[in-house]
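# Survey of secondary and tertiary structure
Listed below are the residues making up each chain.
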Amino acid sequence: MLVDQALYVDGVRQSDMSQTKSQGFTWIGLLDSTRDEIAHYQELFGLEDLAIDDAVSSRQRPKLDQFADHGLLVIRTIEFSRDDLAPSVGEVFIFFGETFVLTVRRGSAMPLSGIRESLESDPSRLAKGPTAVVHELVDRLVDRYLTVAQRIVADVGVIEDAVFDDDIPAKSHDMYRVKREIIELRRAVQPLLEPLTSLASGNVRHIDSSFKFNFSDVRDHFLKVTDEIDAMERVMDAALQANLALMAVKQNEDMRKISAWVGIAAVPTMIAGIYGMNFDNMPELTTRFGYFVVVSVMGVVCVTLFRAFRRNKWL
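Let me begin by describing the structure that accompanies this report. Only a predicted model underlies this, so the values are computations on that prediction, with no experimental measurement involved.

Before going further, it helps to examine the packing of aromatic side chains. Overall, the coordinates contain 4 aromatic pairs when judged by the stated rule. With a centroid separation of 4.2 Å and an interplanar angle of 10°, the aromatic rings of Phe45 and Phe100 are classed as stacked. With Phe45 in helix α1 (residues 35–45) and Phe100 in strand β7 (residues 100–106), the pair connects residues that are 55 residues apart, well separated along the chain. With respect to burial, Phe45 and Phe100 carry one shared label: buried. Here Trp261 and Phe306 contribute two aromatic rings whose centre-to-centre distance is 5.9 Å and whose plane-to-plane angle is 40°, an arrangement assigned as tilted. With Trp261 in helix α8 (residues 212–275) and Phe306 in helix α9 (residues 290–311), the pair connects residues that are 45 residues apart, well separated along the chain. Overall, the relative accessible area of 28% leaves Phe306 in the partly exposed class. Grouping aromatic residues by their ring pairs yields a cluster made of Tyr8, Phe25 and Trp27.

Here it is, written out as C-alpha cells:
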C-alpha cells in the first residue's frame, strides 16, 4: 500500500511529480506491499531482485547491503504490550540511491508517521538529499529502541522490587514475560551494530560521507540501548537466582511446618493406637479417671512439642 510519495527539489516538496531537476530526489513510503506493488518501483529505480526478495519476506535480520546503483538497509522494529506476552515485531526496508529513497514497512510496530512532516518543516535538511532522509529514519528508529528499552527497565524494576523487597517469591509468569521482552529486544537490536558502524565510517556508496559524524552519533545512542539490555539481563539473572532461592526457602519452611504438625499429631495417634488394641491387661482401663489421665497426657505432650517447635521457628 502506498502511504505517501513526493518529489523534493532544494528541500521543498513539489506538487508536480513529473518535474525533474538534477538536485531533486524522490521519497516513496510503502506499507506491507506485495511484490507486484513494488515491481513498478523496482523497474523505475533499477532495484536488484535479491533486495526485492528481502523486502517481500518477513523476519529479516538487520543488515546493510550495497549494490551498484543503490543500497538497502534493513531495520527491525519491535514493541511490547503489557497485556500480551508476544511482542509486535516488524521491519523497515530502506532503499536508497543518488536520487531516491524508498521505504517499505512491514508490521504495525514503530510507525514512521511524523518523520516526513518533521523533515518537510526544515527544507534545509531535506536539501541535503536522500542521505538526510536515511539518517533521520535511522535516528528516529534508534531513539524508539531507547524508549522501548526504558519501558522494559521499568518492568525490570518492578520485578526487582517484588523479589528483593520481601521474602515472598515473585510471580514466575511476570518474570518470564520481562525476560522474553529483553531477549526479543536484543534479537531485534544487536545485529544493527555492524550496519551503523559502516554508515559511521563514511564508506557506504550512495551515502554522503559528510554525514559520518551524524551516523556516529546515532551509533552512540544505539550503544546506550545495548548497554541497557546488558544491564537488564544481569539484573534479571540475579533476580531469577534470588527468586529460586526464595522459593527453595519457602518450600523448606513449608516442609518444616508440615513435619512439626506431623510430629505433634504422632503422639496422640500413637497413644490412641495402643489403647485401641483392646488387650485385657492395660493400665488405666478399669480406673474411674483413666480416660481423663490419658487425654491429659496427650494434651501436655502436644503442647510441649508445639512450644518447642515454635521456639525453634518451625511453626
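More follows now that the structure is in view.
What follows concerns the environment of Arg177. Looking at the element boundaries, Arg177 is found in helix α6 (residues 172–189). Along the primary structure Arg177 and Gln60 are separated by 117 residues, whereas in three dimensions their C-alpha atoms are 23 Å apart.

Turning next to the sheet that holds strand β1 (residues 2–9). One open sheet holds the 7 strands; their spatial order is β2-β1-β3-β7-β6-β5-β4, and the pairing between them is mixed. Across the chains shown, the open sheet's two edge strands, defined by having one partner strand only, are β2 (12–14) and β4 (63–66). The sheet shows a mean angle of 20° between the axes of neighbouring strands, direction not considered. As defined by bridge partners, strand β3 (residues 25–31) adjoins β7 across 6 bridges and the pair is classed as parallel. Bridging from a neighbouring strand, Thr26 pairs with Phe100 of β7. This element, helix α5 (residues 130–164), spans β3, β5 (71–79), β6 (88–96) and β7 of the sheet and lies at about 25° to β5. Its contacts with the sheet place helix α7 (residues 193–201) against β4 and β5, and it is angled at close to 50° to β4.

Our next topic: the pairing of β3. Burial runs high along β3: 7 of the 7 residues are buried. The alternating pattern of β3 places Phe25, Trp27, Gly29 and Leu31 and Thr26, Ile28 and Leu30 on opposite faces, both of which are buried. Pairing of β1 with β3 involves 6 bridges; the strand directions are antiparallel. Each residue of the ladder has a partner; that of Gln5, found in β3, is Ile28.

Okay, the packing of α6 against α8 next. When two helices pack together, their arrangement is given by the angle between the helix axes and the distance between those axes. Remark: α6 packs on α8, axes separated minimally by 10 Å, with the N-to-C direction vectors making an angle of 150°. One element, α6, and the other, α8, form an angle in the roughly antiparallel class. Once α6 is placed against α8, the crossing between them reads as left-handed. Touching Met175, Val178, Lys179, Ile182, Leu185, Arg186 and Val189 of α6 are Phe222, Val225, Thr226, Ile229, Asp230, Met232, Glu233, Met236, Asp237, Ala239, Leu240 and Asn243, all from α8. Here the contact of α6 with α8 is built from residues that sort into 12 nonpolar, 2 polar and 5 charged.

Cut-offs used in this document
- Residues numbered from 1 in each chain as written.
- Predicted model: local features only at pLDDT ≥ 70, side-chain atom pairs only at ≥ 80, totals over all residues.
- Heavy atoms only, no water.
- Phe/Tyr/Trp six-rings, centres within 6.5 Å; stacked < 30°, edge-to-face > 60°.
- Helix = DSSP H or I, 4+ residues; strand = E, 2+ residues; numbered from the N terminus.
- Buried < 20%, exposed > 50% of the residue type's maximum accessible area, 1.4 Å probe, protein only.
- Pairing = 2+ DSSP bridges.
- Axes fitted to C-alpha atoms, helices over the stretch in contact; angles between N-to-C directions.
- Contact = heavy atoms within 4.5 Å.
- Parallel < 35°, antiparallel > 145°, perpendicular 65-115°, else oblique.
- Left-handed = near helix turned anticlockwise from the far one by under 90°.
- Nonpolar A, V, L, I, M, F, W, Y, C, P; charged D, E, K, R; others polar.

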